[in-house]
Amino acid sequence: MSGVISWLQPRPEGLYCVPGNFFIDPLRPVARAVITHGHADHARPEQDRVLATPETLAIMRTRMGEDRAGKTQQALRYGETLALGGVSLRLAPAGHVLGSAQVVMEHAGQRAVVSGDYKRAADPTCTPFEPVTCDLFVTEATFALPVFRHPDPMHEIGKLLHNMTLFPERTHAIGAYGLGKCQRVIALLRQAGYDAPIYLHGALLPVCALYQEFGVDLGDLRPATGEAKAALRGALVIGPPAAVTDRWARRMADPVVCMASGWMRVRQRARARGVELPLVISDHADWDELLMTCSEVGAEEIWVTHGREDALIHALSLRQIRGRALRLLGYGDEDEAE
Amino acid sequence: MIAFASLLERLIFTPSRNAKIALLRDYFTTAPDPDRGYALAAMAGALSFSAAKPGLIRALAAERMDPVLFDLSYDYVGDLAETVALMWQVDAGRPDRVAPSLGDVVMALETTPKAALPDLVGAWLDASESSERFAILKLITGALRVGASARLAKTALAEIAGVPTDDIEEVWHGLAPPYDALFAWIEGRGARPDMADAPVFRPTMLAQPLDEAELDRFVASEWRAEWKWDGIRVQLVRTAQGARLYTRTADDIGNGFPEIVQAMDDMTEDAVLDGELLVMQDGEPAPFSSLQQRLNRKSPGPAMLRNFPAGVRLYDILFDGTEDVRGLGFDARRARLEAWFARVRPKRMDLSPLVDFANMDALAEIRAGARAAAIEGLMLKRADSPYLAGRPRGPWWKWKREALTVDAVMMYAQRGHGRRSSYYSDYTFGLWRVGEDGVDELVPIGKAYSGITDEELAFLDRWVRNHTIGRFGPVREVEKSLVLEVAFDAAQRSARHKSGVALRFPRIARIRTDKPAHEADRLAEFVAQTL
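About the cut-offs
Residues numbered from 1 in each chain as written. Chains lettered and ligands numbered in written order. Predicted model: local features only at pLDDT ≥ 70, side-chain atom pairs only at ≥ 80, totals over all residues. Heavy atoms only, no water. Disulfide = S-S within 2.5 Å. Buried < 20%, exposed > 50% of the residue type's maximum accessible area, 1.4 Å probe, protein only. Domains from an automatic or database assignment. Contact = heavy atoms within 4.5 Å. Buried area = accessible area lost by both parts, 1.4 Å probe. Salt bridge = Lys/Arg side-chain N within 4 Å of Asp/Glu carboxyl O. Polar contact = N/O pair within 3.5 Å; in protein donor to acceptor, adjacent residues only side chain to side chain. Nonpolar A, V, L, I, M, F, W, Y, C, P; charged D, E, K, R; others polar. Core = buried A, V, L, I, M, F, W, Y, C linked by side-chain atoms within 4.5 Å. Helix = DSSP H or I, 4+ residues; strand = E, 2+ residues; numbered from the N terminus. Pairing = 2+ DSSP bridges. Axes fitted to C-alpha atoms, helices over the stretch in contact; angles between N-to-C directions. Parallel < 35°, antiparallel > 145°, perpendicular 65-115°, else oblique. Left-handed = near helix turned anticlockwise from the far one by under 90°. Phe/Tyr/Trp six-rings, centres within 6.5 Å; stacked < 30°, edge-to-face > 60°. Lys NZ or Arg CZ within 6 Å of the ring centre and 35° of its normal.

> Help me get a handle on the state of the cysteines, residues and values and all.
Residues and elements named next belong to chain A. Enumeration according to the criterion identifies zero disulfides over all chains in this entry. For the unlinked cysteine Cys 17, the closest cysteine sulfur is that of Cys 134, found at 14 Å. Assessed through its relative accessible area of 0%, Cys 17 is described here as buried. No disulfide involves Cys 126; its sulfur sits 14 Å from the nearest other cysteine sulfur, which is in Cys 182.

Now the structure itself:
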């Protein structure tokens, strides 16, 4: 299939930029990788040379360990431009999680933007998405169905705080993905004036500490492990999604299982996961944001990496925009957690 | 509408039964009339609108939404009302409207002519939030599916009144929405509604599954045995005010079985009878699949009535004429039943015979030998047991025959509905046979969607997603490499299936990741062994 741009190619390893000789978010180890953000399905270990924002590189080191986060790491700040082979490369904020970036490439008078994962809603923990006009835009489609319209996250936080006043004796256990969602929920709670200590599952502590090193104020955070049941009564605990519906939650006093995820918009989905208080808070663009972004960047062609590409490509075709499903397998493994 | 919508929202997500009852009690004590009565009717499935049907929602969706996006969304969400509630985009051009009350909605749905409904419902949806839209649309689709049954609602009412739930059940079928008399009674403002001659449902007595370890303690002379028929349990009620046919969950299914209602009308004496509804062919009960044909039809046509004639095999009597005989022991009731039957000679009914046995070992042998298609096993009833509501432990036992199993290969998977709408939870599986070209091929023998734990469901869902080799609409074809051990109660010949075999009650017994697919069972051997 010949598209508007021939120098960016989907390959089994991931998207390949021919003149720059690098892969974007490769699924397996390659010689040169440009990483959009630190989530495990995009940032894979054991790459030879890695280029990403300083925040993403730090996140990779924290989550994978120094020795697995790329033999050599090269930092590129938002807005800085780098010539790589025949390509001019720059990273633009994607608004997904701390350090998340869109890869902006220019070659032969054409511009291609690979967005990685992104959202348009406000997030106190990361730099907002910057729309970059381009000829080819590569988008995700995690929530590309018109049933997904994320509400104002502060409304969801309000729901949580109200529930805590209704059940003051119970521990509210929030399932939130460890990179991005967890810190965003904490920051939103602080914005809403909740200043009590927040207790965390051990797996969430290192990335929270890293966020704080990068100047994101998360307030008083404490490890949940080792706390007595009584101490957690009425408290707020955050853990990985799998943990709060599992044995880990048994340490708490009659927990109210909450889940912070865009999937919570679909009732039966929340119910199937045993969630008592669904919080529709997502770090991905919802349906309206996806469509808005795809038209805002003015691209002639849109490639869809992963997610519900059928609906998005159909909706784009109604807007006279050519869409193409790359069906790159391997992304969205964090589907359930986002 | 807001109170009802948030009740539904809370019920959906509240896992604990007691908490649900607390929510229902709270709603029933605080919501105004007639809203609460209509809410109760909605939960009990007692509302039916002749003009407002799911087709109306589809039409509204077609008018306001892109068909491709709607189909993709519906496939994902798995529930029509929720899909439209979530997708609905409020028409910004319309002036602000006030959301209607539940009573307004129900009364308008009952009286508004069909042609005026789309505009009316569209205006309601434009005036509502997504949870209210969901509630309005759920009323139209009929089945709320919010994890609260009619029984749970009645339990909440019983708690308010301080009476057993069965007291509510006994008056229920004589009442109609919005249940003013019922609320007056439970709140102590009125007398218990008088149901003396009304053909109301009486709570059914249910059996516990037998724990075979307890058999040793049984004294044969204290027990009576009957065949456990593979039909559905029904209650036949004939009083001075009419005849009704109820399921054991108190659903009135008389419209689907007019010949039974006719036979009750023709009876020369009143009675409340307990028995098994079966399709009878030449005096013998047909396999369940025949009854299934009838159960699928709300009102059967002449060919259906001719080809699948229904009958009832009676095994108990609750009211002999107008006399309540539920307090008598089983033997005494049996004598009453036999005498009543001899006097009345009702059409389309016979007596379920008692099974003679000398001792428990002999009975075990009888059970092991039972292979007739319409027999599921045995019922054991204490000779002195009165007819009690519910599922008391001790007096009645069901002793199903052993399940059969077959090792089959998963071929296709489809997402479930309701709670499992985002999971590939329905599996079609098949057995090997030699194909026309001499090469082994799989031929489907059934579909199962139960028997698995949530962990197994998560495993199978992931397995399906990772081993998909083709898609046909919502159906995924999978790599033919996973063996499922399928348990089932019986196998029947079926012209509708390519394999010529249909399984009764198939469920996943085990996931056999340890077994290579080519070692799964072969159709020819399976047919030879089980049919």
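Moving on from the coordinates now.
> Let's hear about the domain arrangement of chain A: which residues, and what values?
All names here are of chain A. Domain parsing of chain A yields domain 1 (8-147 + 284-332) and domain 2 (153-279). The gap between the C-alpha centroids of domain 1 and domain 2 is 29 Å. Listed as interface residues are 21 residues of domain 1 and, on the opposing side, 17 residues of domain 2. Both sides together, the interface formed by domain 1 and domain 2 hides about 1600 Å², and carbon and sulfur atoms give 73% of it. Where domain 1 packs against domain 2, one counts one salt bridge. A salt bridge links Arg 184 to Asp 123, with the nearest nitrogen and oxygen atoms 3.8 Å apart. At the boundary of domain 1 and domain 2, one finds five residue pairs in polar contact (both at pLDDT 80 or more). Residues of the side of domain 1 that touches domain 2, tallied by class, amount to 11 nonpolar, five polar and five charged.

> Pulling in residues and values, what's your account of the nonpolar core?
By size, the foremost hydrophobic cluster in this structure holds 124 residues, and its most contacted members are Phe 137 of chain A together with Phe 4, Phe 28, Met 43 and Leu 182 of chain B. Looking at this core, the element that brings in the most residues is helix α1 (residues 2-13) of chain B, giving seven residues. Judged by nonpolar contacts, the second largest core, of 36 residues, contains Leu 98, Tyr 177, Ile 198 and Val 216 of chain A.

> Give me the lowdown on the domain arrangement of chain B, citing residues and values where you can.
All names here are of chain B. As far as domains go, chain B holds domain 1 (2-141), domain 2 (208-400) and domain 3 (404-530). A separation of 34 Å is found between the C-alpha centroids of domain 2 and domain 3. Taken residue by residue, the interface counts eight residues in domain 2 and six residues in domain 3. Interface of domain 2 and domain 3: buried area, both sides summed, is about 500 Å²; carbon and sulfur atoms make up 37% of it. Inspection of the region where domain 2 meets domain 3 yields two salt bridges. For the salt bridge of Asp 230 with Arg 504, the shortest nitrogen-to-oxygen distance reads 2.3 Å. Linking domain 2 to domain 3 there are two residue pairs in polar contact (both at pLDDT 80 or more). A per-element tally of the side of domain 2 that touches domain 3 places helix α14 (residues 288-295) first, with three residues. Grouping the amino acids of the side of domain 2 that touches domain 3 by side-chain chemistry returns two nonpolar, two polar and four charged.

> Can you explain the sheet that holds strand β16 (residues 256-260) of chain A? Please cite residues and give values.
All names here are of chain A. Spatial strand order, β14-β13-β15-β12-β16-β17: six strands in an open sheet with parallel pairing. Either end of the sheet is taken by a strand with one partner, and the two such strands are β14 (221-223) and β17 (277-279). Across this sheet, the average inter-strand angle for adjacent strands is 30°, counted without regard to direction. Relative to strand β13 (residues 198-200), helix α3 (residues 181-191) is tilted by about 170°, and along the sheet it contacts β12 (172-175), β13, β14, β15 (236-239) and β16.

> Tell me about the interface of chain A and chain B, and please be specific about residues and values.
Interfaces are frequently sized by the accessible area removed from exposure as the parts join. Of the residues lining the interface, 28 residues belong to chain A; the matching set on chain B comes to 28 residues. Taking both sides of the interface into account, the surface hidden between chain A and chain B amounts to around 2600 Å²; carbon and sulfur atoms contribute 57%. The largest share of the area that chain A buries against chain B comes from Arg 267, Gln 268 and Arg 271 of chain A, three residues that together contribute 31% of it. For the interface between chain A and chain B, the tally reads two salt bridges. Between Glu 9 of chain B and Arg 267 of chain A there is a salt bridge, with the nearest N and O atoms lying 3.2 Å from each other. Connecting chain A to chain B are five residue pairs in polar contact (both at pLDDT 80 or more).

> With reference to specific residues and values, describe the sheet that holds strand β12 (residues 396-400) of chain B.
Residue and element names in this part refer to chain B. Judged by pairing direction, the sheet is mixed, and its five strands sit side by side in the order β1-β12-β11-β2-β10 without closing on themselves. One side of each edge strand has no neighbouring strand; the edge strands of this open sheet are β1 (208-209) and β10 (354-355). Relative to β10, strand β2 (residues 223-229) runs antiparallel, the two sharing two bridges. Each bridged residue has a counterpart across the sheet, and for Ala 225 the counterpart in β10 is Val 355. Lying over the sheet, helix α16 (residues 330-344) contacts β2, β10, β11 (375-382) and β12, oriented at roughly 55° with respect to β2.

> Outline the pairing of strand β14 (residues 424-434) of chain B, supporting the account with residue identities and numerical values.
For β14 of chain B, a buried count of nine out of 11 residues is recorded, marking the element as mostly surrounded by other parts of the structure. In this structure, the hairpin formed by β14 of chain B and strand β15 (residues 440-448) of chain B is closed by a connection of five residues, where Gly 438 of chain B is found at a positive phi of approximately 85°.

> Summarise the side chain of Thr 53 of chain A; cite the residues concerned and give the values.
All names here are of chain A. Take Thr 53: it is sitting in the loop between β5 (49-52) and α1 (54-64). Its relative accessible area of 1% is what places Thr 53 among the buried residues. At a separation of 2.9 Å, a polar atom in the side chain of Thr 53 contacts the side chain of Thr 56. Of note is the side chain of Thr 53, whose polar atom sits 2.8 Å from the backbone oxygen of Gly 99. In this view, Thr 53 contacts Leu 76, Tyr 78, Leu 91, Gly 99 and Ala 101; residues no more than four positions away in its chain are not counted.

> Give a detailed account of the packing of helix α8 (residues 117-126) of chain B against helix α9 (residues 130-141) of chain B, specifying residues and quantitative values.
Residues and elements named next belong to chain B. The geometry of α8 relative to α9 is characterised by a closest axis approach of 9 Å and an angle of 150° between their N-to-C directions. Between α8 and α9, the crossing angle belongs to the class labelled roughly antiparallel. Between α8 and α9 lies a crossing whose hand is right-handed. Contacts from Val 121, Trp 124 and Leu 125 in α8 reach Arg 133, Ile 136, Leu 137 and Ile 140 in α9. When its residues are assigned to classes, the contact of α8 with α9 shows six nonpolar, no polar and one charged.

> Quick rundown of the packing of aromatic side chains? Include the residues and the values.
Enumeration over the complete set of coordinates arrives at 17 aromatic pairs over all chains. An angle of 50° between the planes, with centres 4.5 Å apart, marks the rings of Phe 143 of chain A and Trp 263 of chain A as tilted. Here Phe 143 of chain A, found in the loop between β11 (136-141) and α2 (153-166), pairs with Trp 263 of chain A, found in the loop between β16 and α7 (267-272); they are 120 residues apart in sequence, far enough to count as distant. By relative accessible area, which is 1% here, Trp 263 of chain A ends up buried. Ring geometry for Phe 218 of chain B against Trp 223 of chain B: centres 4.5 Å apart, planes inclined by 10°, an arrangement best described as stacked. Judged by its relative accessible area of 11%, Phe 218 of chain B falls in the buried class. Three or more aromatic residues joined by ring pairs form one cluster here, namely Phe 143, Phe 148 and Trp 263 of chain A together with Tyr 76 of chain B. Its guanidinium or amino end placed over the ring of Trp 303 of chain A, Arg 324 of chain A lies 5.0 Å from that ring's centre, counting from NZ or CZ.

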